[in-house]
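Geometric and topological summary
Here's the letter readout for the chains.
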Amino acid sequence: MSDQPLLRVSGVSKFYGTRTGCRDVSFDLYPGEVLAVVGESGSGKTTLLNCISTRLMPTAGTVSYRMRDGRFRDLYRMGEAERRFLMRTDWGFVHQNPADGLRMSVSAGANVGERLMAVGERHYGNIRATATDWLGRVEIGADRIDDQPRAFSGGMRQRLQIARNLVTGPRLVFMDEPTGGLDVSVQARLLDLLCGLVNDLGLAVVVVTHDLAVARLLSHRMMVMKDGQVIESGLTDRVLDDPRAPYTQLLVSSILQV
Ligand SMILES: Nc1ncnc2c1ncn2[C@@H]1O[C@H](COP(=O)(O)OP(=O)(O)OP(=O)(O)O)[C@@H](O)[C@H]1O
Ligand SMILES: [Mg+2]
């Protein structure tokens, strides 16, 4: 891992009127590092993820990102066009519901190819070859390249969404409950696939999950949220094996009893 962070989050808060979404969250994320954000429903995980990925304007705090030229830029002072370019190329965002991250009425190949075109690829043959390659990497057969995602199962859609996000070689990927709406056996395979890709590509990831097994398998470090605040953070194995905050102890033990 490099000695410079990729993402710097400092004092991020988001209030919805009088309700707290998240409050005073700070952390650094390093290249190749996977950070899991865990906590019960309503603890502010999605709010935080949206604030740090520029999908939602925080009420307070700053988020800066180290661009490919090595310079840190404040994400909320960047122009809209530049921010959009970053989101299309350097970043990925995997939604819990694949329909939110895919174009459902264009083919699987086009869903992947579109992102390549956004980074300047124009050659049809190259686009199709790369799309086929990426479909293979997420275990979708080449014979499905012209099918629309609406003809895919939930697990296939999620794998397609992952291919669409990774094809541009992003440095940072945000994921909100990537294995959320899937049945258990499909979840396990998808998680396996994700672990492999994240390791192979050396991706930095912020993954939101309420599933501690996902955090255990995928992440190096984790943050536990409650009522919008981070109540514990540390290396994943340390937090799960030796939780310090009473709430984390409860969270860990309630999962173990299942
Ligand atoms: N658009 C909104 N308007 C008002 N309040 C909101 C809005 N979005 C979220 N909240 C509130 O902010 C708090 C945090 O919600 P958030 O969606 O970030 O939680 P979460 O940890 O992602 O929960 P889940 O695990 O259920 O997805 C909750 O109290 C929620 O009701
Ligand atoms: Mg959420």
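Residues numbered from 1 in each chain as written. Chains lettered and ligands numbered in written order. Predicted model: local features only at pLDDT ≥ 70, side-chain atom pairs only at ≥ 80, totals over all residues.

This is how it is decided: UniProt positions are given in the numbering used here, feature names are shortened, and annotations may be inferred rather than shown by experiment.
Identification of the chain as Phosphonate C-P lyase system protein PhnK from Oricola thermophila is taken from an unreviewed UniProt entry. We quote the UniProt Sequence similarities (unreviewed entry) comment for the chain here in full: "Belongs to the ABC transporter superfamily."

1. So, the overall build of the chain
Spelled out, the test is: Under the scheme used here, helices are H or I runs from DSSP no shorter than 4 residues and strands are E runs no shorter than 2 residues, and both carry numbers assigned from the N terminus. Only the C-alpha atoms count toward the radius of gyration. The rule for a globule is 2.2 Å times the residue count to the power 0.38. With C-beta atoms placed from the backbone, a residue is labelled by how many other C-beta atoms lie within 10 Å of its own: buried for 20 or more, exposed for 12 or fewer, partly exposed between the two.
Of regular secondary structure, the chain possesses 10 helices and 10 strands. Taken over C-alpha atoms, the radius of gyration comes to 18 Å for the chain, in line with the 18 Å a tight globule of 258 residues would show. Here the C-alpha coordinates of the chain stretch approximately 55 × 45 × 40 Å along the principal axes. Counting the 258 residues in the chain, one finds 41% classified as buried.

2. Examining the domain arrangement of the chain
Convention followed: Where each domain starts and ends follows an automatic or database-derived domain assignment. We call two residues in contact when the distance between their C-beta atoms, placed using the backbone, is within 7 Å.
Split by domain assignment, the chain resolves into domain 1 (1–90 + 172–258) and domain 2 (102–169). When each unit is reduced to the centre of its C-alpha atoms, the spacing between domain 1 and domain 2 is 25 Å. With 12 residues of domain 1 in contact, the opposing surface of domain 2 contributes 13 residues. Elements with a minimum of two residues in the side of domain 1 that touches domain 2: α2 (80–89) and α7 (184–201).

3. A short note on the nonpolar core
The following threshold applies: Residues enter a nonpolar core if they are buried, belong to Ala, Val, Leu, Ile, Met, Phe, Trp, Tyr or Cys, and are joined to the set through C-beta atoms within 7 Å.
Core analysis: the largest hydrophobic core is formed by 64 residues, its most contacted members being L35, A36, V37, A163, V205 and V206. Those residues in contact with V206 that lie beyond four places of it in its chain are L29, L35, V37, L49, I52 and F174.

4. What about the site of ligand 1?
Just so we agree on the cut-off: Any residue whose C-beta atom, as set from the backbone, lies within 6 Å of a molecule or strand is reported as near that molecule or strand. Charged means Asp, Glu, Lys or Arg here, nonpolar means Ala, Val, Leu, Ile, Met, Phe, Trp, Tyr, Cys or Pro, and polar covers whatever is left, Gly included.
All residues adjacent to ligand 1 are Y16, R19, G21, G39, S41, G42, S43, G44, K45, T46, T47 and H210. For the shell around ligand 1, the elements supplying multiple residues, two or more each, are β2 (19–29) and α1 (45–52). The dominant element in the shell around ligand 1, judged by the number of residues it contributes, is α1, at 3 residues. For the shell around ligand 1, a count of residues per class yields 1 nonpolar, 9 polar and 2 charged.

5. Some remarks on the packing of helix α6 (residues 154–166) against α7
Formally: Here an axis means a line fitted to C-alpha atoms, over the contact stretch when the element is a helix, while the angle between two N-to-C directions is reported on a 0 to 180 degree scale. Angles are sorted into four bins: roughly parallel if under 35 degrees, roughly antiparallel if over 145, roughly perpendicular if 65 to 115, and oblique for all others.
One way to put it is that α6 packs onto α7 with a least axis distance of 10 Å and a crossing angle of 10°. It follows that α6 is roughly parallel to α7 by the angle criterion. Residue-level inspection shows G155, Q158, R159, I162 and L166 of α6 in contact with α7, the latter providing V186, L190, L193, L194, L197 and L201. Its residues assigned to classes, the contact of α6 with α7 comprises 8 nonpolar, 2 polar and 1 charged.

6. Observations regarding the UniProt feature "domain: ABC transporter" (unreviewed entry) in the chain
UniProt annotation of "domain: ABC transporter" (unreviewed entry) refers to residues 7–252 when read in the numbering used here. Strand forms 26% of residues 7–252 and helix 40%; the C-alpha atoms that close the span are 28 Å apart.

7. Notes on the sheet that holds strand β6 (residues 91–94)
The condition is simple: A strand pair is defined by DSSP finding two or more bridges across the two strands.
Judged by pairing direction, the sheet is mixed, and its 6 strands sit side by side in the order β6-β7-β8-β3-β9-β10 without closing on themselves. Edge positions in the sheet fall to β6 and β10 (229–235), since each of these pairs with one other strand and no more. Within the sheet, the average angular offset between the axes of one strand and its neighbour, ignoring direction, is 15°. Against the sheet, α6 touches β6 and β7 (172–176), its axis set at about 170° to β6.

8. Looking at the sheet that holds strand β4 (residues 60–66)
Spatially, β2-β1-β4-β5 is the arrangement adopted by the 4 strands of the open sheet, whose pairing is antiparallel. Whereas interior strands pair on both sides, the edge strands pair on one side only; in this sheet they are β2 and β5 (72–74). Within this sheet the neighbouring strands show an average axis-to-axis angle of 20°, counted without direction.

9. As for the pairing of strand β1 (residues 7–16)
Here β1 pairs with β2 via 7 bridges, running antiparallel. When the bridges of β2 are listed, V9 appears paired with F27. A loop of 2 residues connects β1 with β2, the two strands running antiparallel in sequence, and G17 in this loop sits at a positive phi of about 60°. Judged from the 5 bridges that link them, β1 and β4 form a sheet pairing that is antiparallel. Counterpart to S13 in the pairing with β4 is A60.

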